[in-house]
Structures are given as structure tokens and as C-alpha cells.
Amino acid sequence: MLGVRRGWQALRRCSSLPRAVRLRVREALAARQPVGEVKVQGWIRSVRSQKEVLFLHINDGSSLESLQVVADPSLEDRDLTFGSAVEVRGKLVKSPHKMQNMELKAETIRVVGPCDTWLFPLKMKERHPLEYVRQFPHLRCRNNTLGSLLRIRSEATAAIHSFFQDNGYVHIHTPIITSNDCEGAGELFQIEMSHETRESAKKTHFFNVPAFLTVSGQLHLEVMAGAFTHVFTFGPTFRAENSQSRRHLAEFYMVEAELSFTESLQDIMQVMEDLFKTATSTVLSKCPHDVELFHKHIAPAQKDRLEQMLKNKFVTISYNEAVETLKGASQTFTFKPEWGCDLQTEHEKYLVKHCGDVPVFVINYPYDLKPFYMRDNEDGPQHTVAAVDLLVPGVGELCGGSLREERLPFLESRLQRLGLADAYQWYLDLRKFGSVPHGGFGMGFERYLQYILGVDNIKDVIPFPRFSHSCLL
């Protein structure tokens, strides 16, 4: 609404001038009073020519709804076709149509950029499947569904930043190029110089050490948490996972946070839950029409599920309880559930359904299953760490977090056993110089969008999906 107010402030300042005031479509639709001499620019979404009147609907990406333009048939042009870019000048008047408050009575229509409708792969009034528009990464943003998705994505990004800033977190730009493998999974993109440059450099490393695209900003955030207490980052991460599944991308966005002076896994879980609910409530309130498109045409039951999720506390179960629940299930799993084995997607989805189709925290995973930086629970024969995964309906794992091992002897011993003590000497230094109990988590942004919108394929919630054997544009 801030943009709308600014638009109307501009209107009041310029009301006495003959020059047309430029309005976005969203601003024009939100107007309450007729306005003379306005200019609207956008792309034609539909054309309907009658004997006495010409109707156009134009959209500029500022809203899902298009603005109806009413014009004299004498203004008709053969280039006024679906997809063409136009500039319309005229008067904003009350619309007799019940579904739209205002319409633009055109005085001039200028075609800025024509569109060949025969060759244009998107067709007027046709609801294209998401799989179809995925073939056209340079054009699919002009599709209604992708347009709504990208507006929602923008608002969700702003909501996440606002949440952290309102709660006193410092935003850190963690590096994309790193010498660390945070997860220890080995699924890394290694950075190398081009062939010519490499030959001239006699095959030496550009950075003198092997460098990779980051899989997580966590370790760098831990550095910063030692000075700023609460920090977060929000940026691209990369996994060289040879998968084309509906759940995986090679490039995706992660929201990550670290909290110093926290000794409770519950504190981390509370931030995760608060972030999830706050961001979702903001998106629902700021993008009602865009969200409705998904809840009406993509996932009809998702609206009710989200409303229930926002009202209720998330469920918490231990890894032990999860395994016992899976073992007692009547369902036959592809991967047999056993203590000490990671939970597979089929297990995660079953647990969520078993708990009432609400988000579920699974805590205290086996020590040997998790990375070196997670805090040892020192809990006897079933050795676990203070780790947590948040599972959500339809997606599975959405967030992962833990308390970090702040005790130098514990961390040093584990790194030595893994043969990583030399590589992570700097990480050990953090425990020598003012170490405090701390923890953090990461949330996959695309998976978050999948869940709140009910989108089945992760490739349909990112502007330019990168995955195995596909890097279009």
C-alpha cells in the first residue's frame, strides 16, 4: 500500500499540470476517485474488439489483476495483440463492471513493442501447465502463475528480513566462494580457472587452496555470532547433487541464523517457528490474490492447512520416538527404518501425517549421523547430538539446526578423529577466545515457498532453476 500512497501523492502534486501522471496498474486499480490525464504502461493480456468499443486488459507485473482499457474502435491497430507492450494515455474513470473499481478510458494507445502471437509460446486465456512454461525460462515470468509466484517470493524475502531486523539480528553477507565444506557431504562445485588461464598459471590454484561454491553460510555466521550475538544471512547455496527430482536444485536460497548465549535447543526451535509463522502471515496479508491463485488452482486444500498451522504449536518428537513410530507403521517403506539411519523423505512425510498433518520438530539425532559441529548430548549408549529438523506436510525436511559444540576438548577430539583438525584450526580458535554456548539453523527458501503455496516441484518456485543437466540462460 506504500507504493499506492506514493502514487496518489504524485497525483495530488501534479493534478493541476497538463502532463499525464504515470500510474502502475496496481495504483490505478486501487484509486477511489476518477483522475484525468494518466499514463499506464504494460503488456496486453487480452483484446476484444466490438463494433462500437475496443477493450484491452493490460498488466505491468505490479498485480495479478489487469486494468481494463476502454477505447474507441478507431484506435485499433493490428499490433494490438496479446503480449504486445503498450502505453495508454487517457482518463481513469469509475467502471460499471462489478469486478473492477476503475477502468482507463483511452485517448491514445501507442504500441511500444509488438508481439507475434503465432510465435509467442504463451497463449491468451490458456492455463499452461507449469511443466510447459518451464521450457521457456526467458518468457515464463509473463505467465500468471509465475508472475504471482515471483511477487510472493519478493514479499516473503522482505518479510524474512523484517523478522530478523525487528528482533535485533545483524545481516551478514557470507561468501559464495569458500574453502570449507560445511556439511562434509562432498557434494561440492569446485571452482577452477578457464583452460587458457589455467595453462598460463601452470595449474596452480587461483586462491592457493581448493575453492568451492558454498553449501552453507553457517561456519561464517558462527564467526560473526562471536561479535554480534544474533546474526543471519540469506543467499544462494549450491549442491552438486546429480538429481533431477522434484525436491532438488543445484542452486537454491537458504535463510540461516546463529544465536550466541543460548544453551537450549528449544530456543532455536522457537525462532524457527516464529520466523515461519511471521513470514507466512505477512505473505498471506500482503499477497492475498496471488496466494489465492495457488490455493484455488494448484493446491485447493492448502489454505485450510496453513490456517491451522498458524493457530497451533508445532509438534516435537525425539528421533527415538520417530524411529519407533515408523517401525510400528502398517505402511511398507522402501527404506526400512532403523535406529542410526537417516530419515528418508517417505519417513518424514509419514511422521508429519501421523502427527496430524502439522509441522513436526524431530530432535536429538544419533551422534554419528550428524556433522562434527553439533553438540554432544553425552547421553549414554544411544549417543545423540542436540540437533533438530523441522518437517512439514508435502515437503518433508524444511529446516535443520542444532546447538553447536562450544567445548574445545569435545570439538578438538572429534575433528582429530575425522582428520580435520588442521583444516579447521580457525574453527578451534573460536573456542579458545571467548567461546559461548550458541546454536543456529537453516531454512530452504524454495521448500518454504513449496509448502505455503502447495507447489509440487521445487523447479517452479525459483526464477531460473538450475539442476543436473540443465542450466538454461
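Cut-off values and rules
Residues numbered from 1 in each chain as written. Predicted model: local features only at pLDDT ≥ 70, side-chain atom pairs only at ≥ 80, totals over all residues. Heavy atoms only, no water. Helix = DSSP H or I, 4+ residues; strand = E, 2+ residues; numbered from the N terminus. Buried < 20%, exposed > 50% of the residue type's maximum accessible area, 1.4 Å probe, protein only. Axes fitted to C-alpha atoms, helices over the stretch in contact; angles between N-to-C directions. Left-handed = near helix turned anticlockwise from the far one by under 90°. Contact = heavy atoms within 4.5 Å. Pairing = 2+ DSSP bridges. Salt bridge = Lys/Arg side-chain N within 4 Å of Asp/Glu carboxyl O. Expected span 1.5 Å × (residues − 1). Polar contact = N/O pair within 3.5 Å; in protein donor to acceptor, adjacent residues only side chain to side chain. Phe/Tyr/Trp six-rings, centres within 6.5 Å; stacked < 30°, edge-to-face > 60°. Arc of directions from axis to C-beta.

*Asks:* Before we move on, could you go through unusual backbone geometry and cite the residues and values that matter?
*Replies:* The phi torsion at E37 lies on the positive side, around 55°, for a residue other than glycine. Here E37 is to be found in strand β2 (residues 35-49). When its relative accessible area of 31% is taken as the criterion, E37 is described as partly exposed. A positive phi angle, close to 75°, is found at L473, a residue other than glycine. Accessibility expressed as a relative area gives 62% for L473, which makes it exposed.

*Asks:* Could you give an account of the packing of helix α4 (residues 144-166) against helix α14 (residues 445-453), naming the residues involved and the relevant values?
*Replies:* Packing of α4 against α14 brings their axes to within 11 Å, and their N-to-C directions diverge by 115°. Taken as a pair, α4 and α14 cross one another with a handedness that is right-handed. On α14, the residues touching L149, I152, R153, A156, T157 and I160 of α4 are F445, E446, Y448, L449 and L453.

*Asks:* Just give me the short version of the sheet that holds strand β15 (residues 396-403), but keep the residues and values in it.
*Replies:* Strand pairing in a sheet relies on backbone hydrogen bonds, with the paired strands running either antiparallel or parallel. Taken in spatial order, the 8 strands line up as β7-β10-β11-β16-β15-β14-β13-β12 in an open sheet, and their pairing is mixed. Of all the strands in the sheet, just β7 (170-171) and β12 (315-318) have a single pairing partner and so form its edges. Strands β12 and β13 (360-366) of the sheet are contacted by helix α10 (residues 319-327), whose axis makes an angle of about 85° with β12. Along the sheet, α14 makes contact with β10 (230-238), β11 (251-260), β14 (384-392), β15 and β16 (438-444), crossing β16 at roughly 60°.

*Asks:* Can you break down the pattern of salt bridges residue by residue, with the values?
*Replies:* In total, this model carries 22 salt bridges according to the counting rule given. Notably, a salt bridge pairs R89 with E87, separated by 3.3 Å at the nearest N-O pair. Residue R110 is joined to E87 by a salt bridge in which the shortest nitrogen-to-oxygen separation is 3.5 Å. Of this pair, R110 sits in strand β6 (residues 102-113) while E87 is found in strand β5 (residues 85-94), placing the two residues 23 residues apart along the sequence. Given the relative accessible area of 45%, R110 is considered partly exposed. Each of E37, K91 and E107 takes part in one network of salt bridges that share partners.

*Asks:* Let's hear about α4: which residues, and what values?
*Replies:* An ideal rise of 1.5 Å per residue puts 33 Å on 23 residues; α4 measures up with 33 Å between its terminal C-alpha atoms. Put simply, N143 is the residue that caps the front of α4, since its side-chain oxygen is 2.9 Å from the backbone nitrogen of T145. At the C-terminal side of α4, G168 shows a positive phi close to 85°.

*Asks:* Let's hear about the packing of aromatic side chains: which residues, and what values?
*Replies:* Overall, the coordinates contain 21 aromatic pairs when judged by the stated rule. Ring centres of Y319 and Y365 lie 5.3 Å apart, and the angle between their planes is 45°; this geometry places the pair in the tilted category. Highlighted residues: Y319 in helix α10 and Y365 in strand β13, separated in sequence by 46 residues. Seen from their ring centres, Y424 and Y427 are 6.4 Å apart, and the 75° between their planes marks the pair as edge-to-face. Here Y424 falls in the buried class, since its relative accessible area comes to 5%.

*Asks:* Can you break down helix α9 (residues 302-311) residue by residue, with the values?
*Replies:* Inspection of α9 places Q302, L306 and M309 among the buried residues, and these make up the whole buried set. Projected onto a plane normal to the axis of α9, the buried residues spread over an arc of 60° and lie on a single side. Facing away from the buried surface of α9 by more than 90 degrees, the exposed residues are D304 and K311. Contacts from the buried residues of α9 go to α7 (265-286), α8 (288-297) and α14.

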